[in-house]
Amino acid sequence: MKRIVAASLLVAAGLWGSRTALALDAPRKIVDYDIKVSLDPEKKLLDGRETLKWTNPASVPVGELKFHLYWNAFRNNRSTFFRESGGQLRRDRADLANGWGYIDVTSMAWDGQDLTAGFRFESPDDGNPEDRTVLSVSLPRPVAPDETISLDISWKAKAPRVFARSGYVRDFFFVGQWFPKIGVLEPAGLRRRTDAGWNCHQYHANSEFYADWGDYRVEITLPEKFVVGSAGALVSETKADGKKTLTYVQSRIHDFAWTADPRYVVKESLFDPAKDVPKEEIERASKILGRTPEELMRGFRPVKLLFYMQPDHLSQWTRYEDAQKWALAWFGLWAFPYPYAQVSVIDPPEDGLGAAGMEYQTLYTAGTFKWLGRWPLTGIREQEMVCIHEFGHGYWYGLLASNEFEESWMDEGINSFTEAVMMDRRYRYIAQFPFGVGITDENSKRAIVSAPDFDPIVTKAWQYSTGDSYGRNSYPRAAETLEQIRRLAGEERFWRSFRRYAERWRFDHPTSEDFLEEMRTLGLQNFEPFVRKTFYGTGELDFRVLRAVSERRDPMTGYDDAGKPVAFEPGKKKKEPKKKDDTRPYESVVVVGRQGELPIPVDVLLRFENGASWRTTWDGTTKWLRLRTTYASRLSQVVLDPDGKVVFDRDPFNNVKNVGKVHGPSAAAKVRAYAMHLVEIALSSVWSLP
Ligand SMILES: [Zn+2]
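Residues numbered from 1 in each chain as written. Predicted model: local features only at pLDDT ≥ 70, side-chain atom pairs only at ≥ 80, totals over all residues. Heavy atoms only, no water.

Regarding a nonpolar patch on the surface
- Together, Phe433, Phe435 and Val437 make up a nonpolar patch on the protein surface, roughly 380 Å² of accessible area in all.
- If you trace the backbone, Phe433 turns up in strand β26 (residues 431-433).
- Exposure remark for Phe433: the relative accessible area of 39% places this residue in the partly exposed category. (Patch = residues over 30% accessible without salt bridge, like charges linked within 9 Å, V, L, I, M, F, W, Y side chains within 5 Å. Areas by Shrake-Rupley, 256 points an atom, 1.4 Å probe, with all protein chains shown as cover. Salt bridge = Lys/Arg side-chain N within 4 Å of Asp/Glu carboxyl O. Helix = DSSP H or I, 4+ residues; strand = E, 2+ residues; numbered from the N terminus. Buried < 20%, exposed > 50% of the residue type's maximum accessible area, 1.4 Å probe, protein only.)

Listed below in structure tokens is the structure:
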């Protein structure tokens, strides 16, 4: 433990010392939490005190404060969380017999003045009078603009039995969203709002979180036998009476979680940019982004990696390590280098998987099963995928702190997109079977866009029609929309924009429109209608070949304007030329159609029997397009979207029509493509949220 302390102080000092060299914008500091908490593992109780310094960021005085009391979601079956989830989340179920939890603020004082008389529970989202997840506190006098106040808060909380991220099972504890946390007072201009006001939503079944930037110092007291993983760096450890007190600090974050389990085995590693950023990825990024390798590598720093493993998963820790190092390398190149000194990867027990696969700042929970460590199941890259996904959130929820209540796609969707790109680059398949058969991450997501939709991507998390719709729109539909933009824009233009977005909005709170504003600079055809039908609508799309014929074209025959017969003798049967000396050209007619409302430009390829081909781009603004051509050879095949640029095409199998002899894709390739399509359809019915 001592060794860890020394190392983290060293790395932390290195980071702060070189802050200007990193050229990172610092966030505006709004909160400063100094928390002291003790855990009673038998009773599952937390006893906490916090000093919260809060600065009013608005240009207007503020007469009341709002707090999240997230654990009251688990207080009883009347909470909004329970009403919406039915006590079930991400395939895990609440223990209704004795799994309840709560958080009670027992005192709150401002400069010694008691504020509890001003307490009132509110339900801004659904008016549920029995929800206790938002506490409003009216103040004896308003907080002036830019004034910093200091509050002393005490609270008691009981951990729920874990099924939705936080809680315990046996003596494993995952402690997230656990302390009285002030909501976000958004000043005018932040997230494009016109007037200042609180943004403090209730805890919903389908929503995550949103908070202000600041510094944390957290002191955790618990029995000595526990191994603790936490956000931030450990700066001190003291022991007394069989208990220990651990102190962690972290600046420039907006969330703080920790975990404790006597069974954790801690593995330590170091991300060393000189060794762990693959040369070929640097070259690739340098070429596509138009920046020199030196420029790209400049902000990289070593990052300490800690893996908190369950003993029965110990042999699998290096798989986490590999994925984690790759994710640090990829994000550093394509977004910007990771600015914190450490990452903690938490491996929850198999009976506590309700805590698995969840992001926090500088810490996340992954998750695996013992049986996934055995051949041939090692071909299932679930472990790597979860790692890359959850660490990715460290960027899209962590460093670009979007409002996950209101715009969940900005976190889950952008993150699912980068996850697929990273999985593809590093591992190729998320599930690989014998004989070279595998499913890519993108394939598994693409299956989802073929399902019918009832909500726009941009919808408040608790306002989607169903939990399924939240899942589909926040994750794969949003991810595939980005993939669509990428394919239309091409690698260079897309990734330069993407990186500009990431750099501009780090340590800030971007909105959907901030992202789209950057994408608008790509100048894509029909982009506005596309945005209206995807981000703000429920558009679907199926391109198909409606008709394709190709026949010999006769020279003109009949009566001319003067009424004289041309090229025929009235009363005599016309003589067909012999097949082999027939040199008449072919007239080919092709009709392609678009079902659905997405006006995406698409390529149309005509292949001819003599091997020639001809290609055009249909702008996709009309419902159908007719092509007519006269050419020496017979049309053999029509292919819509030959390069597979249209991600949203619901059924790619009606994109091809054979007319004559085809030299194109072999029968085996067609069978493989069809098998993949069946896999996609199957996946769309079993797909679940990571
Ligand atoms: Zn996620």
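Overview of the pattern of salt bridges
- The tally for this structure, following the rule as stated, stands at 59 salt bridges.
- Glu540 serves as the salt-bridge partner of Arg650, at 2.7 Å between the closest nitrogen and oxygen. Pair noted here: Arg650 is in the loop between β35 (635-640) and β36 (656-658) and Glu540 is in the loop between α14 (527-534) and β28 (541-552), with a separation of 110 residues, a long-range link.
- Between Arg584 and Asp582 there is a salt bridge; the shortest N-O distance is 2.8 Å. No difference in accessibility class separates Arg584 from Asp582, as the two residues are buried.

Focus: the coordination of the zinc ion
- Every protein donor of the zinc ion is accounted for by His389 (NE2), His393 (NE2), Glu412 (OE) and Glu412 (OE), and the metal-donor separations fall at 2.0 to 2.8 Å.
- Around the zinc ion, the four donor atoms are arranged such that angles at the metal cover 51 to 158 degrees; this shape is classified as irregular.
- Positions of the donor residues of the zinc ion along the chain correspond to the pattern H-x3-H-x18-E. Residue His389 and its partner His393 are located together in helix α8 (residues 382-399), separated by four residues, close to a single helical turn.
- For His389, a relative accessible area of 0% gives the class buried. (Donors = N, O, S within 2.8 Å, 3.2 Å for Na, K, Ca; no water. Tetrahedral: all angles 85-135°; square planar, octahedral: opposite > 155°, others 65-115°.)

What about the side chain of Glu483?
- Position of Glu483 relative to the elements: it lies in helix α11 (residues 467-489).
- A polar atom in the side chain of Glu483 sits 2.8 Å from the side chain of Arg487.
- Setting aside residues no more than four positions away along its own chain, Glu483 makes contact with Phe417, Glu442 and Val647. (Polar contact = N/O pair within 3.5 Å; in protein donor to acceptor, adjacent residues only side chain to side chain. Contact = heavy atoms within 4.5 Å.)

As for the sheet that holds β35
- Spatial strand order, β33-β32-β35-β36: four strands in an open sheet with antiparallel pairing. Single-partner strands in this sheet number two, and they are β33 (613-618) and β36. Across the sheet, the mean angle separating the axes of adjacent strands is 15 degrees when strand polarity is ignored.
- Bridge count for strand β32 (residues 602-608) against β35 is five bridges, and the pairing is antiparallel. Bridging from a neighbouring strand, Leu605 pairs with Val639 of β35. (Pairing = 2+ DSSP bridges. Axes fitted to C-alpha atoms, helices over the stretch in contact; angles between N-to-C directions.)

Some points on the packing of α8 against helix α9 (residues 409-426)
- Where α8 meets α9, the axes come as close as 9 Å, and the angle between the chain directions of the two elements is 135 degrees. Judged by the angle between their axes, α8 and α9 are oblique. Taken as a pair, α8 and α9 cross one another with a handedness that is right-handed. On α9, the residues that touch Glu384, Met385, Ile388, His389, Gly392, His393, Trp396 and Tyr397 of α8 are Met410, Asp411, Glu412, Ile414, Asn415, Ser416, Thr418, Glu419, Met422 and Met423.
- Looking at side-chain class alone, the contact of α8 with α9 contains eight nonpolar, six polar and four charged residues. (Parallel < 35°, antiparallel > 145°, perpendicular 65-115°, else oblique. Left-handed = near helix turned anticlockwise from the far one by under 90°. Nonpolar A, V, L, I, M, F, W, Y, C, P; charged D, E, K, R; others polar.)

What to know about the pairing of strand β3 (residues 62-68)
- Among the seven residues in β3, five count as buried, and that is most of the element.
- Where β3 lies against strand β9 (residues 134-143), six bridges are found, and the strand directions are antiparallel. Across the sheet, residue Phe67 finds its bridge partner in β9, namely Leu135.
- The pairing of β3 with strand β13 (residues 181-182) spans two bridges and is classified as antiparallel. By the bridge assignment for β13, Phe67 is matched with Ile182.

Here's the deal with the pairing of strand β20 (residues 258-261)
- Here β20 shows no split at all, with Trp258 and Ala260 on one side and Thr259 and Asp261 on the other all buried.
- In terms of strand pairing, strand β12 (residues 172-175) meets β20 through three bridges, oriented antiparallel. Of the residues in β20, the one forming a bridge with Phe174 is Thr259.
- Relative to β20, strand β17 (residues 227-230) runs antiparallel, the two sharing four bridges. When the sheet's bridge partners are listed, Val227 is paired in β20 with Asp261.

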